[in-house]
Amino acid sequence: MTPDAPKETTPAAEGCACQSGTAVAAPTSRRNFLLQIGIGLNVLAGALISVPILGYVLSSFAKKFPLEWINLGSTSQFPEGTTQLASYENPYRRPWDGEMARIPCWVRHISANDFQVFAINCAHLGCPVRWFSESKLFMCPCHGGAYYENGDHAAGPPPRGLFTYECRVTNGSLEIKGGILPNLGNPGNPTEVAKPA
Amino acid sequence: MIRSRLLPLALCAIIASALVGCDWMPGKPNPANRWKPAASITDPATLFAQNCLACHSIGATTSAAIALNSPTFLAVIPPATLKDTITNGIPGSRMPAFVESKGGSLTAAQIDLLVDFILKNKKPIEGPLPPYAAPLGNAATGQVAFATFCASCHGGTGAGAKAGSIVDPDYLGLVTDQYLRTIVIAGRPELGCPDFRSRVPGRAMTDQDISDVVAWLASNRRNDLGQPLAAPNP
Amino acid sequence: MIANAKKKVTDAALGVFGWIDDRIHVSEIFEHTAGHHIPKSTSSWFYVFGSATLLCLIIQLVTGTLLALAYVPSGAEAYTTLEYLTFEQPLGWYLRGIHYWGSNFMVSIMLIHMTQVYLFGAYKYPREVTWMSGVLLLVITLGLAFTGQVMRFDEDAYWGIGIGAAITGRSPGIGGPLVQMLLGGPIISAETLSRFFTLHVFVLPGSILAIIVLHLRMVLLKGINEWPEPGVEVNRETYDRHYAAIIKREGMPFVPHGIGKDLIAGAIVIVGILVCAAVFGPKGPIGPPDPTQIDANPRPDFFFMWIFAIAALMPDYMETVALLVAPPIVITLLFLLPFLNNTGEKHWSRRPAAVLTVVGLYLSLGLLSWWGITSPWSPAMTAWRADPTPKQFLVGHTPLELQGAIVLQQKQCRNCHAIDGIGGVRGPDLAEVGSRLTAPELARQVIQGGGNMPAYGKNLSPYEVNALVAYMVSLHPTGTTPAQDSAKPSVPPPENSKRQASADPAHGDHG
């Protein structure tokens, strides 16, 4: 980038043991050929080994984790007109996930078979929102995001309302389509009509 | 030669003191401060401070809702009612349910601890006590009793004099009849409202006076906002 | 006799050293590294921060390795092993403390080192690569700090990963897949911890060592920056000769003549870390990484507090830019600094813009960190249950106003609004709100919200609104009148006007 003109005068450069100033003999065509073969083979081998390595590392980038219907239990656990904490097991859990495998969510029973299920994660930066039934608000402890009972943005920095899960009632059980940490890049509910804040 | 014998000894001493010494350094985490789930808190004073203190005092602070060290209140409220109130709240009033299963922050065991903690201040009170709950009495005689016991502060019509209005429709729209009864019985001594025995010196309110005054107060409840009343009855 | 024996021993030692030196050329290596010549002017207390940072790294490597003896990077066990380290393993808490405080010291001393290098103009010709490798070292160190905070796998770590994922998810177009890659799956799981563990223990330490080799090699190749003199400008044509002349005139070997102050500073740093660890101990762990424990109140470690603050203070439309675009730009600018400003004056007294930049940067970082620590934007989540109302705000109030005071608690107003300094600080203190706003204004604010306050219209009954408004109107200092409507003549309001006014807005269809 800059037209540097370094002079070999730094103290470290002195005393370099290269008194054997004999020039390297001109490469024979055989050595040249071996060098070229060597480079070529290594490029090929490098390409070969990079396939499994990149495939391994990037697998989670490309892999699809389809959402799955998850049973939250009988609808009778959620009295009409209330919003309650529920939790479900991550469908993609590993045996060594420990307590991380249980994912919480907020279930709002509006009426009869009409439910809304919200992700615990604030739409701002993912902190756990808490429900206050007295003021009918969700509040976030991190940056003060607040949401109304129906998940709409009420105050604070979140760019949208709470993330929701697609939900349905089957045989008296509440089911949600889950299996993702909702984020702005993938809200995790294709049926949701996102409303701007 | 002496030096070479002392050296290992000194080293041992240093290492030993490091090992022993570190454990009483102030930075050593105290196992007592180990994280515990909120449900495992068993100190009732802590539970009270974390859950009740904002609305109910217990002597050291003041509070907008009734003080839970009020001697008359503690004397009349049945422990079961106290427990039920903390557990399930009072629907339609501002008292929330505190039990976990209803979205509250306390376990049933913690509520038992709190009930004991509150009732610890209960002291025997001389003379007959009115029942905590009773049906409404007669509003007409209640007005007379009000004039006797309450008008000196709240005015003849209850609209306020030295103390504020007690018949404000907004106020009556917010409070239950049981709430009115509790205040008539226990008063708010710390805020200047005496209890049922001390309103007129030497003359305690009778059971009938209390029920009648509550009936008269309740009869003032109007619905001038065209809204369903918050909680006309307990 | 004794003298003879002494000579024999000395000869033998020299013989052994001579043999080793003959085989592995120790003295030659020494001459080219630790023994390299430095300008006498750089044997200064201002030049000790680089070696002190390196010393911190060594402490981190040693204590980190030792912690790994007990730590299990498994989602199910990491927290248990942390508790074991902290409470049961002998001196485990102290090692954790040293590692924690070592990281604080490392980040801080590195920043001081960088500031010194910047103010002394050391990044200019011909030490561009030294500076750029240093910027890489800063980035890696911050990476180590963030991943290290995740190693302390408690609730803060869990939600910290969540915050990281939420920021990543804001990347346009590829946010979703990127989050998946960061987490090693669709949800925070054991694989996420393994990823951060791999970064913290293998990838980042390996990279930092490699780049330190480059960094030190550059120090040897291009020499240590001489003490800058005002008026002496760096010129690409003449600088190398200038520097060689300095070395020739006043050069001295770093070891043993230049290292004294570094050694003293190093000892101070070690003792500082030891004392901090002994006095303040390690951080956490707080609650387990259990997402169903929603009482969590996630906060980052000290060095990321300023980012936490930025995330709260940025307007909505600026946020993604501030979180995703600004950091790469800042890092790139830092990285390319030597090319933006390659020659000229080195001395700070001739570079006012540089001094102002440093002052501005530290003031902003300090202020943002302070904001992050106090988080005035966060609601006090338990204030509504726990914070009592001071006596002077209750005595002498009407029954309706007292009901309003209860409504104020019960509707969680207190989580954001303090009364006389007690309670949340997100919204204004309500101690004297009655002298600022009239009853209709208060009712409107409560019902419609606005100015970052939720609208409570649907969640309060008209009676509750009226009680609340009556209470707030009554909150004004004794002897003063409540706020007056400026459009009306300033006469004392008639007896019943307060009630009328407060009732009116609630007449709508809010219920």
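Note that the coordinates shown come from a computational prediction; the quantities given were computed from them, not determined experimentally.

## Regarding the interface of chain B and chain C
- In this complex, chain B contributes 38 residues to the contact, which on the side of chain C involves 47 residues.
- The element best represented in the side of chain B that touches chain C is helix α8 (residues 169–174) of chain B, accounting for four residues.
- Residue classes in the side of chain B that touches chain C are distributed as 21 nonpolar, twelve polar and five charged.

## A look at the interface of chain A and chain C
- Facing 60 residues of chain A, the contacting portion of chain C comprises 69 residues.
- Put simply, the parts of the chain that give the side of chain A that touches chain C at least two residues each are α1 (29–62), β2 (83–89), β3 (102–111), β5 (130–132), β6 (137–139), β7 (146–148) and β8 (153–155) of chain A.
- Within the side of chain A that touches chain C, the residues separate by chemical class into 33 nonpolar, 17 polar and ten charged.

## With respect to the sheet that holds β6(A)
All names here are of chain A.
- Pairing is antiparallel in the open sheet, where four strands are placed in the order β5-β6-β7-β8. Strands with a single pairing partner mark the edges of an open sheet, and in this sheet they are β5 and β8. Strand after strand, the sheet turns through a mean of 35° between neighbouring axes, direction not considered.
- Sheet topology note: the β7/β8 ladder contains two bridges and is antiparallel. Along β8, the bridge assignment pairs Tyr 147 with His 153.

## Section: the domain arrangement of chain B
Residues and elements named next belong to chain B.
- Domain annotation for chain B reports domain 1 (40–119) and domain 2 (139–219).
- On the side of domain 2, nine residues touch domain 1, which itself brings ten residues to the contact.
- In terms of residue class, the side of domain 1 that touches domain 2 is made up of five nonpolar, five polar and no charged.

## Thoughts on the packing of helix α6 (residues 139–149) of chain B against helix α10 (residues 207–219) of chain B
Residues and elements named next belong to chain B.
- Here α6 crosses α10 at 105°, and the two axes come no closer than 7 Å. In terms of axis orientation, α6 runs roughly perpendicular to α10. Together, Ala 139, Thr 141, Gly 142, Gln 143, Ala 145, Phe 146 and Phe 149 of α6 and Asp 209, Asp 212, Val 213, Ala 215, Trp 216 and Ser 219 of α10 make up the contact between the two elements.
- Its residues assigned to classes, the contact of α6 with α10 shows seven nonpolar, four polar and two charged.

## Things to note about the sheet that holds β2(A)
All names here are of chain A.
- The antiparallel open sheet is built from six strands, whose spatial order is β1-β10-β9-β4-β3-β2. Looking at strand neighbours, the two that pair on one side only are β1 (68–74) and β2, the edges of this open sheet. Across the sheet, the mean angle separating the axes of adjacent strands is 35° when strand polarity is ignored.
- With seven bridges joining them, β2 and β3 adopt antiparallel strand pairing. The partner of Tyr 88 across the bridge, within β3, is Ile 103.

What counts and what doesn't
Residues numbered from 1 in each chain as written. Chains lettered and ligands numbered in written order. Predicted model: local features only at pLDDT ≥ 70, side-chain atom pairs only at ≥ 80, totals over all residues. Contact = placed C-beta atoms within 7 Å. Helix = DSSP H or I, 4+ residues; strand = E, 2+ residues; numbered from the N terminus. Nonpolar A, V, L, I, M, F, W, Y, C, P; charged D, E, K, R; others polar. Pairing = 2+ DSSP bridges. Axes fitted to C-alpha atoms, helices over the stretch in contact; angles between N-to-C directions. Domains from an automatic or database assignment. Parallel < 35°, antiparallel > 145°, perpendicular 65-115°, else oblique.

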